[in-house]
Amino acid sequence: MASHEGKPIRVALLGCGTVGTEVVRLLTDQAADLTARVGAPVQVAGIAVRRPNKHREVPAELLTTDAEALVASDDVDVIVEVIGGIEPARTLLLSALRAGKSVVTANKALLAEHSAELFEASDASGADLYFEAAVAGAIPLLRPLRESLAGDRITRVMGIVNGTTNFILSGMDSTGASYAETLEEATRLGYAEADPTADVDGFDAASKAAILASLAFHSRVTAADVHREGIASVSAADIAAAKALGRTVKLLAICERVPIGGADDQTTADDGEGISVRVHPAMIPTSHPLASVHGAFNAVFVEADAAGEMMFYGQGAGGAPTASAVLGDLVAVARNRVHRGRGPRESAYAALPVRPMGQTPTRYHISLDVADRAGVLSQVAAVFAEHDVSIAAVRQEGRVDDASLVIVTHAATDAALRSTVDKIGGLPVVREVVSVMRVEGEEI
Ligand code: HSE
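Please read all numbers here as calculations on a predicted model, not as lab measurements.

K.L.:
Sorry, what's going on with the domain arrangement of the protein here?
P.N.:
Accessible area lost during the coming together of the parts is what is often quoted as the interface size. Along its sequence, the protein is carved into domain 1 (9–138 + 319–339), domain 2 (143–315) and domain 3 (360–439). Each of domain 2 and domain 3 has a C-alpha centre, and the two are 25 Å apart. Listed as interface residues are 18 residues of domain 2 and, on the opposing side, 13 residues of domain 3. When the two sides are added together, the surface that domain 2 and domain 3 hide from each other amounts to roughly 1200 Å², 61% of it contributed by carbon and sulfur. Considering only the surface of domain 2 that becomes buried against domain 3, Asp 238, Leu 245 and Met 283 emerge as the three largest contributors, covering 35% of it. Summed over the shared surface of domain 2 and domain 3, the result is two salt bridges.

This is how it looks when you write it as structure tokens:
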């Protein structure tokens, strides 16, 4: 890699949507400060877009439709990629890294699928690969995991990493409205995309969970390893059941260390440690710090052996907040080029196996409508005992001709909990399984 002492750092921007436009604005407005912070001017060499006539907000002479040529240009030191999606981003970034050009990307889907080959290319040439904006927008989170906490042992990362779904769940919680009504409102207000699939079905959060787990546990985790459930099946009854117990429903990305081994364990890995990486709705106590994260905000709760508990909170999307994270990375890679430094490489030495969801220890909240007569509770309790699921709390409220029964379990494998719920649903004394949801954020 060439030294850039005093010479400008030349940046190619791939894509110029909401985030890209803000990146160009910040680079222009803060040029003097950035020069002082980096030790050399940071200049835009070109911007690759598909339709140049749609980008009147950036200087026309910088626009090109030839992204490949821009990436290959000798006049470019750093590539900032804000196109999103797998191709052509993957091919362009691999060429850039192989040619020794530093890369800053906000592309969570790409990193969650192809980070191994991107890191390999980065290692081969010694070029930096930074991606703070890929998870939780403006919130400094990946740098703390990759660098500040590199001396600690992280045990769990649990967060709200998708603003659209948090906006919808917050709305359902405050109004009591259904999922469909609240999604419609979120779309009308511009908080949900016209096609909300990536957000509401948990794909966006699953990519972010894969990135977080890889960094936190020094292991390669891809989006395909993540157990994913979205929020479409969360009902007004689930939200009401949570409220009645002092809990609230959030879509959580959870990455945690879990033990592997034991008589009932079907994994083939040797006894030792594995990780669980999952995205699903869960009830958390209203006293948990994540419960007070409302609307489109993101927050991530991190637990580490020495540091204890930490929470990172802020805006997880939007042009300016995401551009802030991109600019932070740009300053870091530019400094590294000027002062011949190098950012952190891939750290996957631990290679912890990802445990299947069925074998992951979790806890359930189950709300039932049952007949109100002698022996009903014991029939229900017998099914739990049969599946070796221990009950932590039971609450029953009698009504005119039936009763509401709420059961919260201790931790058991997800497979055992699912079988328990299936069998209970078939008991003649159970009129309806009103709500089933995992419980997180409290130890019992
Ligand atoms: N669509 C995401 C969200 C932001 O709703 O939070 C980009 O990752």
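K.L.:
Can you help me understand helix 1 (residues 18–29) in this one?
P.N.:
A turn of α-helix holds 3.6 residues, and therefore any two residues three or four places apart point the same way. For helix 1, built from twelve residues, the straight-helix expectation of 16 Å at 1.5 Å per residue is met to within 8% by its first-to-last C-alpha distance of 17 Å. For helix 1, the set of buried residues is Val 19, Gly 20, Thr 21, Glu 22, Val 23, Val 24, Leu 26 and Leu 27. Along its buried surface, helix 1 packs onto strand 1 (9–14), helix 2 (31–38), strand 2 (42–48) and helix 12 (319–338).

K.L.:
So what exactly am I meant to see when it comes to the site of the ligand here?
P.N.:
As a matter of local geometry, the ligand sits amid Lys 108, Asn 162, Gly 163, Thr 164, Asp 199, Asp 204, Lys 208 and Ala 317. One nitrogen or oxygen atom from the side chain of Asn 162 is found 3.4 Å from an oxygen atom belonging to the ligand. Residue Lys 208 places a side-chain N or O atom 2.7 Å away from an oxygen atom belonging to the ligand. In the complex, 80% of the free accessible area of the ligand, which totals 260 Å², lies under the protein chains. Contributing elements (two or more residues each) for the shell around the ligand: helix 7 (163–175) and helix 10 (203–217). Tallied by class, residues from the shell around the ligand come to one nonpolar, three polar and four charged.

K.L.:
Please explain the nonpolar core as it appears in this structure.
P.N.:
Generally speaking, soluble globular proteins have nonpolar side chains that are buried together. Residues Leu 14, Ile 79, Phe 131, Leu 141, Ile 154, Ile 211 and Leu 212 are the most contacted members of the largest nonpolar core, which totals 76 residues. The leading source of residues in this core is helix 10, at ten residues. Sequence-distant contacts of Leu 141, that is, excluding residues within four places in its chain, are made with Glu 132, Val 135, Ala 136, Leu 212, Val 300 and Phe 312. Val 82, Val 104, Ala 325 and Val 338 belong to the second-largest nonpolar core, a separate cluster that totals 36 residues.

K.L.:
I tried to follow the UniProt feature "binding site: L-homoserine" (unreviewed entry) in the protein on my own but got confused; where do I start?
P.N.:
Within the UniProt annotation, "binding site: L-homoserine" (unreviewed entry) is assigned to Glu 193. Position of Glu 193 among the secondary structure elements: in the loop between helix 8 (179–188) and helix 9 (197–200). Judged by relative accessible area, Glu 193 falls into the exposed class, the value being 53%. With residues near it in sequence (within four places) discarded, Glu 193 still touches Thr 187 and Asp 199.

K.L.:
What is the right way to read the packing of helix 1 against helix 12 from this model?
P.N.:
Angle between the axes and distance between the axes: these two values describe a pair of packed helices. Contact pair helix 1 / helix 12: the axes reach a minimum separation of 8 Å and the direction vectors enclose 55°. By the angle class used here, helix 1 and helix 12 are oblique. As helix 1 runs across helix 12, the sense of the crossing is right-handed. Across the interface between the two elements, Thr 18, Val 19, Glu 22, Val 23, Leu 26 and Leu 27 of helix 1 pack against Gly 319, Ala 320, Thr 322, Ala 323, Ser 324, Val 326, Leu 327 and Leu 330 of helix 12.

K.L.:
I tried to follow the sheet that holds strand 2 on my own but got confused; where do I start?
P.N.:
What holds strands together in a sheet is hydrogen bonding between their backbones, with the strands either parallel or antiparallel. A sheet is described by the order of its strands in space; here six strands give the open sequence 3-2-1-4-5-6, paired in parallel fashion. Looking at the sheet topology across the chains shown, the edges are occupied by strand 3 (63–64) and strand 6 (129–130). By the bridge criterion, two bridges tie strand 5 (residues 102–105) to strand 6 in an arrangement that is parallel. Paired with Val 104 across the bridge in strand 6 is Tyr 130. Sitting on the sheet, helix 12 is in contact with strand 1, strand 2, strand 4 (78–81), strand 5 and strand 6, with an inclination near 170° to strand 5.

Thresholds applied
Residues numbered from 1 in each chain as written. Predicted model: local features only at pLDDT ≥ 70, side-chain atom pairs only at ≥ 80, totals over all residues. Heavy atoms only, no water. Domains from an automatic or database assignment. Contact = heavy atoms within 4.5 Å. Buried area = accessible area lost by both parts, 1.4 Å probe. Salt bridge = Lys/Arg side-chain N within 4 Å of Asp/Glu carboxyl O. Helix = DSSP H or I, 4+ residues; strand = E, 2+ residues; numbered from the N terminus. Expected span 1.5 Å × (residues − 1). Buried < 20%, exposed > 50% of the residue type's maximum accessible area, 1.4 Å probe, protein only. Near = heavy atom within 4 Å. Polar contact = N/O pair within 3.5 Å; in protein donor to acceptor, adjacent residues only side chain to side chain. Areas by Shrake-Rupley, 256 points an atom, 1.4 Å probe, with all protein chains shown as cover. Nonpolar A, V, L, I, M, F, W, Y, C, P; charged D, E, K, R; others polar. Core = buried A, V, L, I, M, F, W, Y, C linked by side-chain atoms within 4.5 Å. UniProt positions renumbered as here; feature names shortened; annotations may be inferred. Axes fitted to C-alpha atoms, helices over the stretch in contact; angles between N-to-C directions. Parallel < 35°, antiparallel > 145°, perpendicular 65-115°, else oblique. Left-handed = near helix turned anticlockwise from the far one by under 90°. Pairing = 2+ DSSP bridges.

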